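# Breakdown of the fold
Each chain is listed here by its residues.
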Amino acid sequence: GIQVEQSPPDLILQEGANSTLRCNFSDSVNNLQWFHQNPWGQLINLFYIPSGTKQNGRLSATTVATERYSLLYISSSQTTDSGVYFCAGDTHGSGNTGKLIFGQGTTLQVKP
Amino acid sequence: DTGVSQNPRHKITKRGQNVTFRCDPISEHNRLYWYRQTLGQGPEFLTYFQNEAQLEKSRLLSDRFSAERPKGSFSTLEIQRTEQGDSAMYLCASSILQETQYFGPGTRLLVL
């Protein structure tokens, strides 16, 4: 199966700073999504972004499907952005099962 | 927008007991997925349904695990003869076909 590598594994920011999180896939993927997992374990959808660029407030994401990576940008970070960020996708050619393969996550801590 | 709900939110059981978890998906969603997440890891796919049909099961899902989705609405995940290694967060997600998956709050299982 595909391998999903996220970097960095851990990130500490001062409130107001910007950051970029990266997700690399070992093979082509469909249905790429970014999630934020809050301290209570809830996975919250950030983006469904199989290709291209999307923006939602202070967050934006870019997926370059041909090069098998995706980036999540966080601008003007806030303490509420703290948590674990996951990217996930399903294997291209899987018949669009939607079976998501997750990375190990990036743990973000934003300090006031 | 009621979202995906899961019950119970927490379950503590003794080794060897059976447990059952319930997931209520977003009403118009035809796909329902179960994932398992252990501490420090990303979620791992267990199984999924399209309407009432169970279309795929992971090799992670031993014969002690069974899932159903009668009438294509809510789903149950049962674990028989629980083991300490079953302790994890069990996550349910729903979607319209392979598009954006929306996750429930999870059921945290502790096997003593």
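The structure reproduced in this document is the subject of the present report. (Residues numbered from 1 in each chain as written. Chains lettered and ligands numbered in written order. Predicted model: local features only at pLDDT ≥ 70, side-chain atom pairs only at ≥ 80, totals over all residues. Heavy atoms only, no water.)

## Some remarks on the sheet that holds strand β1 (residues 4–7) of chain A
Residue and element names in this part refer to chain A. Short version of the rule: In this description, strands pair whenever DSSP reports at least two bridges between them. Helical segments are the DSSP runs of H or I of at least four residues, strand segments are the runs of E of at least two, and each set is numbered from the N terminus. Fitting a line to C-alpha atoms yields each axis, with helices limited to the stretch in contact; the angle taken between N-to-C directions then spans 0 to 180 degrees.
Ordered by their spatial adjacency, five strands build an open sheet running β1-β3-β8-β7-β6, and the pairing between neighbours is antiparallel. At either end of the open sheet lies a strand with only one pairing partner, and these are β1 and β6 (52–56). Each strand axis lies, on average, 15° off the axis of its neighbour in the sheet, ignoring direction. Across six bridges, the pairing between strand β7 (residues 59–64) and strand β8 (residues 69–74) is antiparallel.

## Topic: the pattern of salt bridges
All names here are of chain B. Just so we agree on the cut-off: By salt bridge we mean one thing: a side-chain nitrogen of Lys or Arg within 4 Å of a carboxyl oxygen of Asp or Glu. Each residue's exposure class comes from its accessible area (1.4 Å probe, protein chains only) as a fraction of the maximum for that residue type: buried when under 20%, exposed when over 50%, partly exposed otherwise.
Applying the stated criterion to the full structure yields five salt bridges over all chains. Close ionic contact of arginine 22 with aspartate 24 constitutes a salt bridge, the shortest N to O distance being 2.7 Å. Taking relative accessible area as the criterion, arginine 22 reaches 34% and is therefore assigned partly exposed. The structure contains a network of salt bridges with shared partners spanning Arg64, Glu83 and Asp86.

## Details of the state of the cysteines
What we call a disulfide is simply a covalent bond connecting the sulfur atoms of a pair of cysteines. Note the following rule: Our working definition of a disulfide is a cysteine sulfur pair at a distance within 2.5 Å.
Throughout the structure, instances matching the rule amount to two disulfides over all chains. Here A:Cys23 is linked by a disulfide to A:Cys87, with a sulfur-sulfur distance of 1.9 Å. Its S-S torsion of approximately 75° makes the covalent link between A:Cys23 and A:Cys87 right-handed. Of this pair, A:Cys23 sits in strand β3 (residues 19–25) while A:Cys87 sits in strand β9 (residues 83–91), placing them 64 residues apart in sequence. Residues A:Cys23 and A:Cys87 agree in their burial class; the two are buried. The residue that forms a disulfide with B:Cys23 is B:Cys92, at a sulfur-sulfur distance of 1.8 Å. Judged by the torsion about the S-S bond (-65°), the B:Cys23/B:Cys92 disulfide is left-handed. Note that B:Cys23 is positioned in strand β3 (residues 19–24) and B:Cys92 in strand β9 (residues 88–95), a separation of 69 residues in sequence. You'll find B:Cys23 and B:Cys92 in the same group, each marked buried.

## Re the sheet that holds β3(B)
Residue and element names in this part refer to chain B. Spatially, four strands are ordered β1-β3-β8-β7 in an open sheet, and the strand pairing comes out antiparallel. Single-partner strands in this sheet number two, and they are β1 (5–7) and β7 (65–68). Going from strand to strand, the sheet's axes swing by 15° on average, the running direction of each strand aside. Direction of pairing for β1 relative to β3: antiparallel, over a ladder of three bridges. In the strand pairing of β3, asparagine 7 is matched with arginine 22.

## Side note on the packing of aromatic side chains
Here is the rule we go by: For Phe, Tyr and Trp, rings pair up if their centres lie within 6.5 Å, where Trp contributes its six-membered ring, and each pair is then called stacked (planes under 30 degrees apart), edge-to-face (over 60) or tilted (otherwise). Two conditions define a charge sitting above a ring: the NZ of Lys or the CZ of Arg must be within 6 Å of the ring centre, and it must be within 35 degrees of the ring normal.
Under the defined criterion, the tally for this structure stands at 11 aromatic pairs over all chains. Ring centres of A:Phe86 and A:Phe102 lie 6.0 Å apart, and the angle between their planes is 85°; on these two criteria the pair is classed as edge-to-face. Here the residue A:Phe86 occupies a position in strand β9, and A:Phe102 occupies one in strand β10 (residues 101–102), the gap between them amounting to 16 residues. Its relative accessible area of 9% is what places A:Phe102 among the buried residues. Relative to B:Phe103, the ring of A:Phe102 has its centre 6.2 Å away and its plane inclined at 80°; by these criteria the two rings are edge-to-face. With A:Phe102 in strand β10 and B:Phe103 in strand β10 (residues 102–103), this residue pair bridges two chains. Taken together, A:Phe35, A:Phe86, A:Phe102, B:Tyr33, B:Tyr35, B:Phe45, B:Tyr48 and B:Phe103 form an aromatic cluster joined through their ring pairs. One cation-aromatic arrangement involves A:Arg22 over A:Tyr69; the distance from NZ or CZ to the ring centre is 4.2 Å. Here the basic side chain of B:Arg22 rests over the ring of B:Phe74, its NZ or CZ set 3.9 Å away from the ring centre.

Worth remembering: the numbers are spatial, not functional.
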